[in-house]
Every structure is written in structure tokens, then in C-alpha cells.
Amino acid sequence: MAFSSVFLDPLSRSIFKKFVAMLCALLISLYFLYFLTDSSTMPIPVKATGEDTGYLASDFKQWQSVQRKILLQKIMSQPEQGMAGRNYYFNSGFTRTNNINGFPTDGKDEGDQHYFSSAPRMPSPTNFDGLAGRPILAGGTGSNSGSGKISLLGEGTKKLPQALIIGVKKGGTRALLEFIRVHPDIRAVGAEPHFFDRNYDNGLDWYRDLMPKTLEGQITMEKTPSYFVTREAPARISAMSRDTKLIVVVRDPVTRAISDYTQTLSKKPDIPTFESLTFKNRTTGLIDTSWSAIQIGIYAKHLENWLQYFPMSQILFVSGERLISDPAGELGRVQDFLGLKRIITDKHFYFNQTKGFPCLKKAEGSSKPHCLGKTKGRTHPNISPEVVQRLRDFYRPFNMKFYQMTGHLFGWDD
């Protein structure tokens, strides 16, 4: 009776009702917090298919690792300029909800991409350079908001490159670099560092500082085509690491020499003709091997220098011709050589009839198609067939030796 009489009092009933209401509100809040947290972390079991084939997202740990790598990669490559005080928002399902105006989208040199089909997506790849180590706030927006704000710190370290594209000039090195950088496990410098030929005195710390930050499992790369013909380069690279993997893009040396001359001609229109530079003596037909455009194409001679420091198993020779006719096939060989999963396939390319080159359907750092710049694919000047034939005769024995050394028939003498 005493207990029931307490609840007959209006004030007691009011206090009890408020207590029950608060308790219910607390339980409901905890339930929704658990539901939102669970839905924002669990993957949708789906296998990526079609053009964007990449990883299987049904395994939680694999999905979490891939998503974390992609997000941190974007963070590490964001330009500092103009980014102070900005937040990058995305919802709990990782569907793109970028609400930042004026975000840079030119991903020519930095930023990597990874695509999923039907799977949860990260914000689209952009050119994010230099925000590593800075906190990025992620707040829920839109219909799936409610995950709260979390602080993600940029991770990764700058490492010396584990793989180098060492040559050759006008062989297709820029195309190879642009193509391989589509792979999410490759991080590469856009500009040519020229460390092992011109800047070696600056030291390895200077060289390392040029490299992009990488996460565990990613490979750091750079390309400087002049390394292949630099006498000191093999010893210097070996001193850095004997395990460095080397990639050489080679091309018909006659076509390469003409392309080399064409590039120089575009910068210096008053240089002598190709024919006059090719021969020491036009009457006798003696080739001037001191001219760099000719010298670079004597591949066997340069390779002998490299084999003093590196075994053939650490050198991959990519065909410049096949890089145009079958880019996916050559990229498959490169991915295998680097120990990477074959993510880059023929579905990443289309052939541009105007330029006469394959282009990327989705370039690294961009969702748009990308072709090499105007400086690639220049129209070659007309060279006398007699001069071309004389050069083919000159290169033939060197080519045969190169075929024998590498075990590859490149077909330049067919």
C-alpha cells in the first residue's frame, strides 16, 4: 500500500515518466549508434566486374585494407596549396559526396586510382599532393549521414625506388610510366630525377626526398631514360640496392634515331639535316657513332655495361612497338616482373586514330580519358630511303647480338 500510494502522488508519477522516457531514449540512441557503426564498416559482398575489375570486396579484412590504402594514397598526394582549413567529406557508404568547389582534378603526375564496379566507392581520384601527415576530417553527409567525424592521419614513408625505368630515350618510356601508374600499388615520380647521371653528388637523402610517400606493399618507381647510356649509372644503382628491378623500353634503333632527331629539330629548327649528322663521310658511308642519336641505339654495347652489375633476371625489356600495338600485353609482362597483380588489362585502353597511339580510358588521377601530350607522336621528316637502309645495315649486327643477349627477337631486321 505504501508503494502504490507513492505513485498516486502526481509529482512522483511525473518524475517516473521522465525517467522512463530518458531510459528509452538512451537505449534507442545506443541501438542506432551500433547500427550506423556496423553499416559504415562492413563491406557489401560483391566481386568487382567489367572494366574496373580489381579486388574482391567480400572479405572484410581485404576490403578494409584496400579502402584504407586508397584513401591514404589520396591524402598523401593532395597539394598543400589552397587546402588549408578544408575538410573532405564522404558518407558512410563511401559513395562520392565531394562538396568542395575548385578541387584540383588534373591528376597528370600524382595520385593513384583504383576502381570498383557495384562495390562501395571512395571519392574519385584527384591530384592530392603533399597532405601526408595531416588530419583529414570525414563527416557524414547526405542520406547516409550519421557516422560522425573521425580523424584520419596520413601515413606512409618516402623510400628509395625499388624499380627504375632506365631507358631508352624516345623508346616509349613516358607511355609506360603513365600506363603502369594506373596500378594502385605503384607510386612514381612524374618528372625525371636524373639522379644517377646528373645529380648523384646531391646524395641519397636528396634523392629519397623526391619520391612520393608509399604504403606497405606499394612500389616506388621513377624513370630517367638516359641512365641506360650513362656509364656510371649501373654501379651507382647497384650501390643503392642490388635488388633494384630495371625496365628498358627498346625500339627499332633506326626509327628511334629519327624520332630523337625530330624532337631536337622541334626545339632547334636551324640544326643540320639528319643525313649530314648521320655520316662522318657521306661519300664512304661511314656512320658517325659519336652522335648521340646513333649511339643510343647500339643497345648491345650499353647492355654489356649493365650486366657487370645486374643479372639478366633483374632486367625487363619492353618492346616499344608492342607497347603501341598491344599495350595490355606488355603491361601484363611489366606487372608480372614487378610481382604485381594483373589489374591493368586491355579494358583500360583505347586506340586514338588521330595520334596513332593507345590512350588510357581512365588515367591515373582522373576519371577522364588520357592521351600523351602534343610532344608525343610528332610527324617525322622525310629521310632518304638510301640513308635509312644504310642505318639498317649498320645496326643489324648490333641488333643480332642484342637479340642473343636478351633472348628476345624484336623483329627490327625483318
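Going by what an unreviewed UniProt entry lists, the chain is known as Sulfotransferase and is assigned to Huso huso. Looking at the Sequence similarities (unreviewed entry) heading of the UniProt record, one finds this comment for the chain: "Belongs to the sulfotransferase 1 family."

Peer 1: Give a detailed account of the nonpolar core, specifying residues and quantitative values.
Peer 2: Ranked by internal contacts, the top residues of the largest apolar core, which has 29 residues, are I166, F196, Y207, I237, W306 and F402. Looking at this core, the elements with two or more residues in it are β4 (163-167), α6 (233-240), β8 (245-250), α10 (299-306), β11 (315-319) and α13 (385-406). The element that contributes the greatest number of residues to this core is α10, accounting for four residues. The contact partners of I237, leaving out residues within four places of it in the chain, are L164, I166, F196, T244, L246, W306 and F310. Counting 26 residues, the second-largest nonpolar core is a separate cluster that includes F179, V182, V318 and L340.

Peer 1: Account for a nonpolar patch on the surface, naming residues and giving values.
Peer 2: A grouping of F16, F19, V20, L23, L26, L27, L30 and L33 is seen on the molecular surface, where their side chains present a nonpolar patch of about 770 Å² in accessible area. Relative to the helices and strands, F16 is located in helix α2 (residues 10-41). The partly exposed category is assigned to F16, whose relative accessible area is 42%.

Peer 1: Any chance you could break down the pattern of salt bridges for me, citing the residues and the numbers?
Peer 2: Enumeration according to the criterion identifies 13 salt bridges in this entry. As a salt-bridge pair, R208 and D205 come within 2.9 Å of each other at their nearest N and O atoms. In this pair, R208 and D205 both sit in helix α5 (residues 204-209), three residues apart, roughly one turn of the helix. Classification of D205 as exposed rests on a relative accessible area of 60%. When the shortest N-O distance is used, the salt bridge between R333 and E330 registers 3.1 Å. Of this pair, R333 and E330 both sit in helix α12 (residues 327-337), three residues apart, which is roughly one turn of that helix. Among the residues examined, R333 registers a relative accessible area of 23% and is labelled partly exposed. For E330, a relative accessible area of 4% puts it in the buried group. Overlapping salt bridges, with partners in common, bring together K169, R256 and D260 in one network.

How each quantity is defined
- Residues numbered from 1 in each chain as written.
- Predicted model: local features only at pLDDT ≥ 70, side-chain atom pairs only at ≥ 80, totals over all residues.
- Heavy atoms only, no water.
- UniProt positions renumbered as here; feature names shortened; annotations may be inferred.
- Core = buried A, V, L, I, M, F, W, Y, C linked by side-chain atoms within 4.5 Å.
- Buried < 20%, exposed > 50% of the residue type's maximum accessible area, 1.4 Å probe, protein only.
- Helix = DSSP H or I, 4+ residues; strand = E, 2+ residues; numbered from the N terminus.
- Contact = heavy atoms within 4.5 Å.
- Patch = residues over 30% accessible without salt bridge, like charges linked within 9 Å, V, L, I, M, F, W, Y side chains within 5 Å.
- Areas by Shrake-Rupley, 256 points an atom, 1.4 Å probe, with all protein chains shown as cover.
- Salt bridge = Lys/Arg side-chain N within 4 Å of Asp/Glu carboxyl O.

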